[in-house]
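Here is what each chain is made of, one letter per residue.
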Amino acid sequence: METEVKEKIVSIEKPHLEAPADWQPVIMGILCNWCSYAGSDLTGTSRLQYPPNIRIIRVPCSSRVDPWFIIKSLQASADGVLISGCHPGDCHYISGNYYARRRFLVTKKLLNFVGFHENRVQFSWVSAAEGPKFAKVVSKVTEDIKKLGPLHLYKKENI
Amino acid sequence: MARVGVFVCFCGANIADFVDVPAVVEEAKKIKEVKYAIDYKYMCSDPGQGMIRDAIVAHRLTSIVVAACSPRMHEKTFRKALSDAGMNPYLLEVANIREHSSWVHQKDKKAATEKSSDLIRMAVAKSIANEQLHEISVPVTKRALVIGGGIAGIQAALDIADARIPVVLVEKSPSIGGKMAQLDETFPTLDCSQCILTPKMVDVASHPYIELLPYSEVLELDGYVGNYKVKIKRKASYVNFDTCTGCGACWQKCPVKVPNEFNMGIDKRKAIYSPFPQAVPNKPVIDAEHCTMLLKGKCGICAKVCEKGSIDYAMQDEIIEREIGAVVVATGYDLWDPKPYEEYGVGRYKDIITSLEFERMVSASGPTGGVPLRPSDGKIPKSVVFIKCVGSRDEAKGIEYCSKICCMYTAKHAILLHHKVHDSHAYIFYMDIRAAGKGYEEFVKRAQVETGATYLRGRVSKIYQKGEKLMVRGEDAQIGQVVEVEADLVVLATAVYPYKDNPELARLLGISYDKYGFLSEAHPKLRPVETAKAGIFLAGCTQAPKDIPETVAQASATAAKVCGLFSGDTILKDPMISKVNTDYCSGCQNCVTVCPYQAIVTEEIPLGHGSKEIRTVAKINEGVCQGCGSCVAICRSMAIDLAGFTDMQIINEIVSI
């Protein structure tokens, strides 16, 4: 008989109350060139303001994002990661964002399994026309990461 | 040792007002690899680019970082500056400190300055891993394939052929001409459709640069822009076109009668037939589904009467292969089947017909000799109700979009009805009148004034029979009342629907289609005739509903695109594509599966140096690869990398801050 194992993965991250008062998180944003990067440009041209914590890396397609990039970001410099691509069905490369979505779900499960809080890495669909949405997404991710505090788990210097 | 030059732009006040540019420059100078850093008011200006060119030479720089606006804006500009200074253009990185910093953090200069410095650090780190890349030169086969022989395909083929580029025109039916050949007169000038179309059809047949393949279908398309290979099935016509003179003796004697598709089934054609008198080529084909000789082996009358001996019952389908460089898809449209409108009694009442049936009836060469007749009793109708938007703009029963041409052709039908039956009266139920186009609004006015047609704004809710008449009950929204009109004939302006085989064709060609089945253009505004696949273009209603002028304009546009593509002997391609390190490749072929362009094939190489045993590895087709990087992320052995976005470059960016 098939047994379903339902376990709630609990973050083993400890609240870091010792975060300095002027601490600001670093968020690594990896955006696809055709939709989300163009959308983030539109946020700029529309002069919509968002928190300055995100550092943006341009890739051709969200399917270019290797889970390695996410893990390396968390390990090296970032307190959180945002991956963003074209809406399903709108991929410039026909189907890349579907691969990205699947790969991301697996990566996220793995990260949760090893103890990261699920909000540390987030995924969004932002089209080239969605400047306001990009500002909203960045604000939300920044807010989420701020609540979680600085990331110490698995940081290079702590191993 | 890397020697990076950093050039920070003020962008007038756009960056300088919100980012402390001199501080950013000082910060950049602290990076170990940065040997030169400077700011300037407008980096993209000629003096700004001059600064970059001079510094490359003076400081022996190995890569360049420009901190300015988005790379989507000026990456090309700055790459050219590098080229001009004799440096490989792909050694440039752009740090986007305007769209991603100064414009979005206008209230926090300190944070914006810090972020800008970080973005420069990332770009510097990435640029250190940049490699020299060279645009890929791909040879071009200067021959175009046009799929579909309607007015779009005809126009595209003629325009391309006139530029002395060979064209292969494939049409699935026995004759070119498409839907336009079925029309009587065309709005807004009431030109006779046949009179303006048939000369073009003849031009196609006689053009030295056009190879016309009627009664044929595209089976396969392989390759990439400039270098496609197409397989075409030439369906067996059972008639030798080389010897047939088109005299017509065969179809006059043929005993089998079949509903005539060209006349919308109003009359019959024979099993051996030419679709209409002006058909090009004007040679008959045998309809294998209905011919008794082919089905039962009995009859053979057509072969007996054919003086030339052109009939060949043993003829087989033929596969034709051609090498081509570009494709124009012009498969046209179908008409939506109004069956879901049960309340209209579609299929129950004979005197409800579609617009194209009406069109065939009023055509002088049509089945009724140019007079509309009631299908039930063959009487001339005096009161005709036209219903617009049957299927169009109706999410519940049909489709959401507007079919665009119905308002105009219904106005035309009102005029044609008035011309053919002087004492008739047209009632037109409409939702809106959409008459945007040169001379269109005037034409609708003309229809209203000249024919006295009654335009009723509202939807029809029910049609029922009362004696010989049909009672059309609808709403007149302008008076807010239910109205009933006694009609002899009801004409439904059914929606323009995508050609039914579009999804299959799209898969075969490797292009995309929308939720309805219309083929998708690369960009709805700026690239309306290209598809996302290089070298494949769209003309006419295969993309969206269009009228004839628009279709012809788009067809000519595709011809311009094809001519542009063929203007040189080679095409230059962006070098940012995947490459395989065969030393690492395990031959798992995961990359082959994920590649959306079928750009990855396998090849067999010696197992070791000088070894006779072989192993299978992935191979990228440079001409096809578009550089998405799906294969890079899926590769377990890290054997594939994407030039311009290598793992090293991205990891450098990540660890630099």
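These figures come from a predicted structure and were not determined experimentally.

### Here's the deal with the overall build of chain B
When helices and strands are counted, chain B shows 18 helices and 34 strands. The buried share of chain B, reckoned over its 657 residues, is 54%. If you take every contact in chain B between residues at least 6 apart in sequence, the share linking residues at least 24 apart comes to 69%. When the accessible surface of chain B is split by element, carbon and sulfur atoms take 51% of a total near 28100 Å². Distance between charge centroids for chain B: 2 Å, based on 78 positive and 78 negative side chains.

### Quick word on the confidence of the model for chain A
All names here are of chain A. Per-residue confidence for chain A gives a mean pLDDT of 86; residues scoring 70 or more make up 86%. For chain A, helix α3 (residues 96–113) is the element with the lowest average pLDDT, namely 92, and strand β2 (residues 54–59) is the one with the highest, namely 97. Taken as a whole, residues 1–7 scores under 50 in pLDDT and shows zero contacts with residues more than four places along the chain or in a different chain.

### Digging into the pattern of salt bridges
Tallying each qualifying case throughout the model produces 42 salt bridges over all chains. Between R55 of chain A and D118 of chain B there is a salt bridge, with the nearest N and O atoms lying 2.8 Å from each other. In this pair, R55 of chain A sits in strand β2 while D118 of chain B sits in helix α5 (residues 109–128), so the two residues belong to two different chains. For D118 of chain B, a relative accessible area of 12% translates into the label buried. In this structure, the salt-bridge partner of K29 of chain B is E26 of chain B, at a minimum N-O distance of 3.7 Å. Highlighted residues: K29 of chain B and E26 of chain B, both in helix α1 (residues 21–29), separated by three residues, approximately one helical turn. Taking relative accessible area as the criterion, K29 of chain B reaches 44% and is therefore assigned partly exposed. On the accessibility criterion, E26 of chain B (45% relative accessible area) is partly exposed. Linked through salt bridges whose partners overlap, the residues forming this network are R55 of chain A together with E27, K30, D118 and R121 of chain B.

### Details of the state of the cysteines
Think of a disulfide as a covalent bridge from one cysteine sulfur atom to another cysteine sulfur atom. Counted under the stated rule, the structure contains two disulfides over all chains. Residue C35 of chain A pairs covalently with C86 of chain A via a disulfide, S to S 2.3 Å. Since a negative S-S torsion denotes a left-handed disulfide, the C35 of chain A-C86 of chain A link at about 95° is right-handed. Residue C35 of chain A is found in the loop between β1 (27–32) and α1 (36–45), and its partner C86 of chain A is found in the loop between β3 (80–85) and α3; the two are separated by 51 residues along the sequence. The burial state of C35 of chain A is the same as that of C86 of chain A; both residues are buried. Take C244 of chain B: it sits in no disulfide, and the sulfur closest to it among the cysteines is that of C250 of chain B, at 6.4 Å. Not engaged in a disulfide, the cysteine C628 of chain B finds its nearest cysteine sulfur in C61 of chain A; these two sulfurs lie 5.5 Å apart.

### Remarks on the interface of chain B and chain A
In this assembly, 43 residues from chain B lie in contact with 42 residues from chain A. The junction of chain B with chain A conceals about 3700 Å² of combined surface from both sides, 60% of it contributed by carbon and sulfur atoms. Looking at the side of chain B facing chain A, the largest losses of area belong to R72, H100 and I654 of chain B, adding up to 17% of the total buried there. Joining chain B to chain A, the criterion identifies five salt bridges. Note that E75 of chain B and R58 of chain A form a salt bridge whose closest N and O atoms lie 2.9 Å from each other. Where chain B touches chain A, the interface holds 19 residue pairs in polar contact (both at pLDDT 80 or more).

### Observations regarding the nonpolar core
Formed by 94 residues in total, the largest nonpolar core has its most connected members in I70 of chain A together with V6, V8, I64 and I120 of chain B. Sort the elements by how many residues they give to this core and α5 of chain B lands first, with six residues. Structurally, this core is a two-domain feature, drawing no fewer than three residues from each of domain 1 (4–128) and domain 5 (578–655) of chain B. Excluding anything up to four places from it in sequence, I120 of chain B contacts V6, V8, V24, A28, A67 and A95 of chain B. Ranked by size, the runner-up nonpolar core spans 38 residues in total, among them V167, I176, V204 and A326 of chain B.

### Things to note about the pairing of strand β26 (residues 481–487) of chain B
Residue and element names in this part refer to chain B. Pairing of strand β25 (residues 469–476) with β26 involves seven bridges; the strand directions are antiparallel. If you follow D476 over to β26, its bridge partner there is Q481. In this antiparallel pair of consecutive strands, β25 and β26, the connection spans four residues, and G480 shows a positive phi of 65°.

### Let's talk about the domain arrangement of chain B
How big an interface is tends to be stated in terms of the accessible area lost upon association of its parts. Domains assigned within chain B are domain 1 (4–128), domain 2 (144–225 + 319–332 + 501–565), domain 3 (249–305), domain 4 (334–497) and domain 5 (578–655). Look at where the C-alpha atoms of domain 1 of chain B and domain 2 of chain B centre, and you get two points 46 Å apart.

### A few points about the side chain of S73 of chain A
Inspection of the secondary structure puts S73 of chain A in helix α2 (residues 67–76). You can call S73 of chain A buried: its relative accessible area is 0%. Non-local contacts of S73 of chain A, meaning those with residues more than four positions away in its chain, are made with M28, A78, V81 and K155 of chain A together with I654 of chain B.

### Re the packing of aromatic side chains
Think of a pair of aromatic rings as described by two things: how far the centres are apart, and how the planes are tilted against each other in angle. Using the criterion set out here, one finds 14 aromatic pairs over all chains in the structure. Aromatic pair F104 of chain A and F123 of chain A: ring centres 4.8 Å apart, planes at 45°, arrangement tilted. In this pair, F104 of chain A sits in helix α3 while F123 of chain A sits in strand β4 (residues 121–125), placing the two residues 19 residues apart along the sequence. With a relative accessible area of 22%, F123 of chain A lands in the partly exposed category. One aromatic cluster in this structure is built from F104, F123 and W125 of chain A. Its guanidinium or amino end placed over the ring of Y333 of chain B, K179 of chain B lies 5.1 Å from that ring's centre, counting from NZ or CZ. It is R269 of chain B that lies over the ring of Y273 of chain B; its NZ or CZ is 3.7 Å from the centre.

### Some thoughts on the side chain of T451 of chain B
Residues and elements named next belong to chain B. Of note, T451 is situated in helix α13 (residues 440–451). One polar contact links the side chain of T451 to the main-chain carbonyl oxygen of A447, over a distance of 2.5 Å. If near-sequence neighbours (up to four positions away) are discounted, T451 is found in contact with A414, I415, H418 and R446.

Calculation criteria
Residues numbered from 1 in each chain as written. Chains lettered and ligands numbered in written order. Predicted model: local features only at pLDDT ≥ 70, side-chain atom pairs only at ≥ 80, totals over all residues. Heavy atoms only, no water. Helix = DSSP H or I, 4+ residues; strand = E, 2+ residues; numbered from the N terminus. Buried < 20%, exposed > 50% of the residue type's maximum accessible area, 1.4 Å probe, protein only. Contact = heavy atoms within 4.5 Å. Areas by Shrake-Rupley, 256 points an atom, 1.4 Å probe, with all protein chains shown as cover. Lys, Arg positive; Asp, Glu negative; His and termini not counted. Charge placed at Lys NZ, Arg CZ, Asp CG, Glu CD. pLDDT = per-residue confidence, 0-100. Salt bridge = Lys/Arg side-chain N within 4 Å of Asp/Glu carboxyl O. Disulfide = S-S within 2.5 Å. Buried area = accessible area lost by both parts, 1.4 Å probe. Polar contact = N/O pair within 3.5 Å; in protein donor to acceptor, adjacent residues only side chain to side chain. Core = buried A, V, L, I, M, F, W, Y, C linked by side-chain atoms within 4.5 Å. Domains from an automatic or database assignment. Pairing = 2+ DSSP bridges. Phe/Tyr/Trp six-rings, centres within 6.5 Å; stacked < 30°, edge-to-face > 60°. Lys NZ or Arg CZ within 6 Å of the ring centre and 35° of its normal.

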